[in-house]
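# Structural features, examined
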Amino acid sequence: QREANNATEGNIFIRTLVSKTKVHEQEAILLSYKLYFAGVDVAQFTNNTRLPEFKGFLKQELEMGEIQTELEHYDGRNYQTAILYRTLLFPQRSGDIHIEPAQFEAVLRVQNRAQVRSIFDDFFGSYTTVTKPLTAPGVTIHVDNLPAGKPAGFSGGVGQFSISSHISSTDLQANEAVTLTLTIQGAGNMKLLKTPAVDWPEGFEVYDPKVTNNFQNTTSGVTGTKIIEYLAIPRAGGTYTLPPVQFSYYDPQADSYKTLTTPEYTIQVARTATEETSAT
């Protein structure tokens, strides 16, 4: 991970960590604000947290749950650490995009021996609280355009994906519905994927596709599946070909575009009684 700037001096500070500082458009970045403290007692954080607006990015926050502390050796010293905030960022434009510093406010408990007046105070401890503002440094992300030569079936996807297809039937009657189901699985900017186009044969009545998303925000990006159901009804008998569906995306790990193709389907449609009568 990259650190935005050097940590501030003292026994408590926050680092800004980003998984990458050089990416392509729509490539996921993990940003974390990580607390480091040693020799101080952190009681809580106030509501005076001010996060950047993250202009130029699409933001997908990660669920934090209960904050957990871990021991980490950093810059020659042992610290207790805790992740205060994590989010996925998807850059929406090219160029250098600066993320402003974030502001936090910690409440520290300080033992005040001067106020101890009895053995009971000494036993239970006598504390005062101190409010300490903390700044997480800003960071600049360099965003490159997606490379030239986008494939014709480019969906806007950036990440790693796979696709599979299933057809409800290839042997049916005229006026009987047929459903083609595409399942796109992977990790990346899943929520921004365009629905691939299906070139239904002439003579099929086509309906708007039904899309079911099952996504989860993880540290590696938005992962999950996009299931697309295309429904069409052939109005006349015959033998039809449903061409392969192409799904293209940019793979930042391979630094190249990739195109996935579903199988071609041959659909046999039996003639209706009306058609049989007309043919005789």
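Everything in this summary refers to the structure shown in the same document. Source: prediction; values computed, not measured. (Residues numbered from 1 in each chain as written. Predicted model: local features only at pLDDT ≥ 70, side-chain atom pairs only at ≥ 80, totals over all residues. Heavy atoms only, no water.)

## A short note on the overall build of the protein chain
Helix and strand content of the protein chain: two helices and 22 strands. Taken across its 280 residues, the protein chain has 40% of its residues classed as buried. For the protein chain, the share of sequence-separated contacts (at least 6 apart) that also reach a separation of at least 24 residues comes to 72%. Element-wise, carbon and sulfur atoms account for 45% of the exposed surface of the protein chain, whose accessible area totals about 15,300 Å². (Helix = DSSP H or I, 4+ residues; strand = E, 2+ residues; numbered from the N terminus. Buried < 20%, exposed > 50% of the residue type's maximum accessible area, 1.4 Å probe, protein only. Contact = heavy atoms within 4.5 Å. Areas by Shrake-Rupley, 256 points an atom, 1.4 Å probe, with all protein chains shown as cover.)

## Examining the sheet that holds strand β19 (residues 238-242)
If you walk across this open sheet you meet the three strands as β14-β22-β19, and the pairing is mixed. Single-partner strands in this sheet number two, and they are β14 (171-173) and β19. Ignoring strand direction, the axes of neighbouring strands in this sheet form an average angle of 30°. (Pairing = 2+ DSSP bridges. Axes fitted to C-alpha atoms, helices over the stretch in contact; angles between N-to-C directions.)

## Comments concerning the packing of aromatic side chains
The geometry of an aromatic ring pair is captured by the separation of the ring centres together with the interplanar angle, meaning the angle of the planes. All chains considered together, the criterion is met by 16 aromatic pairs. The interplanar angle of 85° and the centroid separation of 5.0 Å between the aromatic rings of F204 and Y240 together place this pair among those described as edge-to-face. Of the two residues, F204 sits in strand β16 (residues 204-206) while Y240 sits in strand β19, which places them 36 residues apart along the sequence. Judged by relative accessible area, which is 10%, F204 ranks as buried. For the pair Y250 and Y257, a centre-to-centre distance of 5.4 Å together with 65° between the ring planes defines the contact as edge-to-face. For Y250, a relative accessible area of 0% gives the class buried. Connected via pairs of aromatic rings, a cluster forms that spans F13, Y36, Y74 and Y79. (Phe/Tyr/Trp six-rings, centres within 6.5 Å; stacked < 30°, edge-to-face > 60°.)

## Focus: the pairing of strand β8 (residues 77-91)
Pairing analysis gives nine bridges linking strand β4 (residues 29-37) to β8, with the strands arranged antiparallel. Residue K34 lies in a different strand from β8, and its bridge partner there is I83. Pairing of strand β6 (residues 57-61) with β8, which is carried by five bridges, proceeds in the antiparallel orientation. Bridge assignment links F57 to a residue of β8, and that residue is P91. For strand β7 (residues 69-74) and β8, the ladder comprises six bridges, and the chain directions are antiparallel. If you follow T69 over to β8, its bridge partner there is A82. Where β7 folds back on β8, the antiparallel hairpin that results is connected by two residues, among which D75 adopts a positive phi of roughly 55°.

## Topic: the pattern of salt bridges
A pair can form between side chains of opposite charge whenever their charged atoms are brought close. Using the criterion set out here, one finds 10 salt bridges in the structure. The closest approach of N and O atoms between R15 and E72, which form a salt bridge, is 3.9 Å. Of this pair, R15 sits in strand β2 (residues 12-18) while E72 sits in strand β7, and the two are 57 residues apart along the sequence. For K22, the salt bridge goes to D144, with nearest N and O atoms at 3.0 Å. One end of the pair, K22, is in strand β3 (residues 22-24); the other, D144, is in strand β12 (residues 139-144), and 122 residues separate them in sequence. Residue classification places K22 among the exposed residues on the basis of a relative accessible area of 53%. If you follow the salt bridges from partner to partner, you end up with R15, K34 and E72 in one network. (Salt bridge = Lys/Arg side-chain N within 4 Å of Asp/Glu carboxyl O.)

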